[in-house]
Amino acid sequence: MRFGVKTGKKLSGAGVYTYVFQAVSLLPLPYMLAVSGYMGLVAKRGPLSFLFDAGFAALPRWLTLGLSALYRLTGHELVVYFILPVLALAFGIVMKKLLRGERKTAVIVRVILCAAVGVDLLLRLCLPQFRTLFGWPAAIVGFAVRLVMVGLVIADLIAEKRKP
Amino acid sequence: MNRTKFSMNALLVVVIIFSALAFVFTIVLVDLADRRAVNEYIPIEGTEYAIRYSSLEPNGLYKGPENTCTLVAEGNFGSDWGAFTVGGKLYLNEYTSTDLGVLLCSIVGVEMNTGEKTVLYRDTVLRGRCASGEPVCVRGAMLPADFPETNSLGRLYRLTQKNIASPNGGEVLFLDPQTLSVVYTVPDDNVFSDGFAERYLQKPLAEVER
């Protein structure tokens, strides 16, 4: 297994989004792992709880809401814990296949991705309670991630259109 | 931007495997090693039932005197904030804990003859009766023991509930004493504050409604 080996190829906006989604999915995990070892951590705010908040604020809103509902229904944090990396892994594998497949499919995937992130961005602006629940710093991180991702995917689509 | 061969998928697989191993140590083994000796018998006022926490026998609702009592229903019950009987069922709080130790509470009804347990309201805490006799409950609030103001897990838990504006917020419910349906609801930003009894329990429902 090799990590961080440069191949010199250009990474598309959708490709960056895939990596960012996967990285963001990992952010809430250290807090949950730490709390499983020492429950007293919930009594104070710290860097791990900020990572947890930032992770959930940056994840797509439908996913955060779904995980919250699942947590309430099951009462098991471990379900939430393992769904995050498994989903990120599945997303990574599927996106890799789609983006490297047929050109038409790759364009459709980018359009869907752009629309999904855009709607998510609008939802953040429209529903203030979701914006602030994880705290303002996490909300800013979440908003910035979405904004950059929309920009990258749009740039990706423009570049795709200009291709001969 | 240059593409790197940073295999995020491989990293995720490693995270999943090592997390599973870590949880075996932090949750399963720690739980197995937790052998504290406990033996508490708490009679419920006005009934022949008692709540028992014991290291030797199952925690639950017991019937009869301390030395000869028999188990009616298993569970971590609490009657410190009240319990009441309606139609052959005893209603009281049942506390459950999540994997990581967040404490949740539901109001359950235990059939006194058969011991059958049914959940009346999830995520709800029975707080007593108001002056006119209606059972008073708190719904949608995290227990103070869970540190709702700082607990990030609590934020995720509260995301899909109605009243999420305040960390200690919830709804105070007044139940019909016979049908146990909700007859009046009051949103409250600090449901576990000290003045709860003065605000809701020491007043008749008609006065609270005003």
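*Asks:* Hey, could you run me through the overall build of chain A in this one?
*Replies:* Within chain A, the regular secondary structure consists of eight helices and one strand. Taken from N to C terminus, the helices and strands of chain A fall in the order β-α-α-α-α-α-α-α-α. The burial tally for chain A puts 35% of its 164 residues in the buried class. The long-range fraction of contacts in chain A, counting pairs at least 24 apart against all pairs at least 6 apart in sequence, stands at 76%.

*Asks:* I keep staring at the sheet that holds strand 13 (residues 170-175) of chain B and nothing clicks. Help me out?
*Replies:* Pairing between sheet strands relies on hydrogen bonds along the backbone, with the strands arranged either parallel or antiparallel. Residue and element names in this part refer to chain B. Sheet architecture is open: four strands sit in the order 11-12-13-14, paired in antiparallel fashion. Among the strands making up the open sheet, the edge pair consists of strand 11 (124-129) and strand 14 (182-188). Within this sheet the neighbouring strands show an average axis-to-axis angle of 25°, counted without direction. Examined bridge by bridge, strand 12 (residues 135-139) and strand 13 share four bridges and lie antiparallel to one another. Looking across to strand 13, one finds that cysteine 137 is bridged to leucine 173.

*Asks:* Got a minute to help me understand unusual backbone geometry in this structure?
*Replies:* Where the residue is not glycine, phi is negative for most of them; where a peptide bond is considered, it is trans in most cases. All names here are of chain B. A positive phi angle, near 50°, is found at phenylalanine 147, a position not held by glycine. As for its placement among the helices and strands, phenylalanine 147 is situated in the loop between strand 12 and helix 2 (152-158). By C-beta crowding, phenylalanine 147 is classed as buried, having 20 other C-beta atoms within 10 Å.

*Asks:* Is there a simple way to explain the pairing of strand 13 of chain B in this structure?
*Replies:* Regular strands place their side chains on alternate faces of the sheet. Residues and elements named next belong to chain B. Burial analysis of strand 13 places five of its six residues in the buried class, which makes it a mostly covered element. The pairing of strand 13 with strand 14 spans six bridges and is classified as antiparallel. Looking at strand 14, one finds that leucine 175 is bridged to valine 182. Here strand 13 folds back onto strand 14, and the loop between the two strands holds six residues, one of which, leucine 180, carries a positive phi near 65°.

*Asks:* I would appreciate a short explanation of the confidence of the model for chain A in the present structure.
*Replies:* Residues shown with low pLDDT carry predicted positions that ought not to be read at fine detail. Residue and element names in this part refer to chain A. Summarising the model, chain A shows a mean pLDDT of 82, and 88% of its residues fall at 70 or more. Within chain A, helix 2 (residues 29-37) carries the highest mean pLDDT (92), whereas strand 1 (residues 6-10) carries the lowest (49). For residues 1-8, every residue scores under 50 in pLDDT, and the model assigns this stretch 15 contacts once sequence neighbours within four places are set aside.

*Asks:* I'm lost on the sheet that holds strand 5 (residues 70-74) of chain B in this one. Help?
*Replies:* Residue and element names in this part refer to chain B. The strand order across the open sheet built from four strands is 2-3-4-5, with neighbouring strands paired in antiparallel fashion. Taken across any chain shown, the strands that pair with only one partner, and hence form the sheet edges, are strand 2 (39-43) and strand 5. Each neighbouring strand pair of the sheet contributes to a mean axis angle of 30°, computed without reference to strand direction. As paired strands, strand 2 and strand 3 (residues 49-54) are joined by five bridges and run antiparallel to one another. When the bridges of strand 3 are listed, tyrosine 41 appears paired with arginine 52.

*Asks:* How should I be thinking about helix 1 (residues 13-26) of chain A in this particular structure?
*Replies:* In an α-helix there are 3.6 residues to a turn, and that puts residues three or four apart on one side. End to end, helix 1 of chain A covers 20 Å across 14 residues, agreeing with the expected 20 Å (1.5 Å per residue, within 8%). For helix 1 of chain A, the set of buried residues is Gly13, Ala14, Tyr17, Thr18, Phe21, Gln22, Val24 and Ser25 of chain A.

*Asks:* Would you explain the packing of helix 1 of chain A against helix 8 (residues 136-162) of chain A in this entry?
*Replies:* Packed helix pairs are characterised by how far apart their axes lie and by the angle those axes make with each other. All names here are of chain A. Where helix 1 contacts helix 8, the two axes come as close as 8 Å, and the packing angle between them is 155°. Judged by the inter-axis angle, helix 1 sits roughly antiparallel to helix 8. Within the contact between the two elements, helix 1 uses Gly13, Ala14, Val16, Tyr17, Val20 and Val24 and helix 8 uses Val145, Met149, Leu152, Val153, Ala155 and Asp156. Grouping the amino acids of the contact of helix 1 with helix 8 by side-chain chemistry returns 10 nonpolar, one polar and one charged.

*Asks:* What's the story with the nonpolar core in this structure? I'm lost.
*Replies:* Soluble, globular proteins show a tendency: their nonpolar side chains are buried together. Counting 79 residues, the largest nonpolar core has Ala57 and Val153 of chain A together with Leu61 and Cys137 of chain B as its most contacted members. When residues in this core are grouped by element, the largest group, eight residues, is from helix 8 of chain A. If we ignore the near neighbours within four places in the chain, the residues touching alanine 57 of chain A are Phe134, Ala138, Ala139, Val141 and Gly142 of chain A.

*Asks:* Hey, could you run me through the packing of helix 2 of chain A against helix 3 (residues 47-58) of chain A in this one?
*Replies:* Residues and elements named next belong to chain A. Running from N to C, helix 2 and helix 3 point in directions that differ by 135°, and their axes come no closer than 7 Å. Between helix 2 and helix 3, the angle is such that the two are oblique. Our pair here, helix 2 against helix 3, has a crossing hand that is left-handed. Here Pro30, Tyr31 and Ala34 of helix 2 lie close against helix 3, whose contacting residues are Leu48, Ser49, Leu51 and Phe52. Across the contact of helix 2 with helix 3, the residue classes break down as six nonpolar, one polar and no charged.

Thresholds applied
- Residues numbered from 1 in each chain as written.
- Chains lettered and ligands numbered in written order.
- Predicted model: local features only at pLDDT ≥ 70, side-chain atom pairs only at ≥ 80, totals over all residues.
- Helix = DSSP H or I, 4+ residues; strand = E, 2+ residues; numbered from the N terminus.
- Buried ≥ 20, exposed ≤ 12 C-beta atoms within 10 Å, placed from the backbone.
- Contact = placed C-beta atoms within 7 Å.
- Pairing = 2+ DSSP bridges.
- Axes fitted to C-alpha atoms, helices over the stretch in contact; angles between N-to-C directions.
- pLDDT = per-residue confidence, 0-100.
- Expected span 1.5 Å × (residues − 1).
- Parallel < 35°, antiparallel > 145°, perpendicular 65-115°, else oblique.
- Nonpolar A, V, L, I, M, F, W, Y, C, P; charged D, E, K, R; others polar.
- Core = buried A, V, L, I, M, F, W, Y, C linked by C-beta atoms within 7 Å.
- Left-handed = near helix turned anticlockwise from the far one by under 90°.

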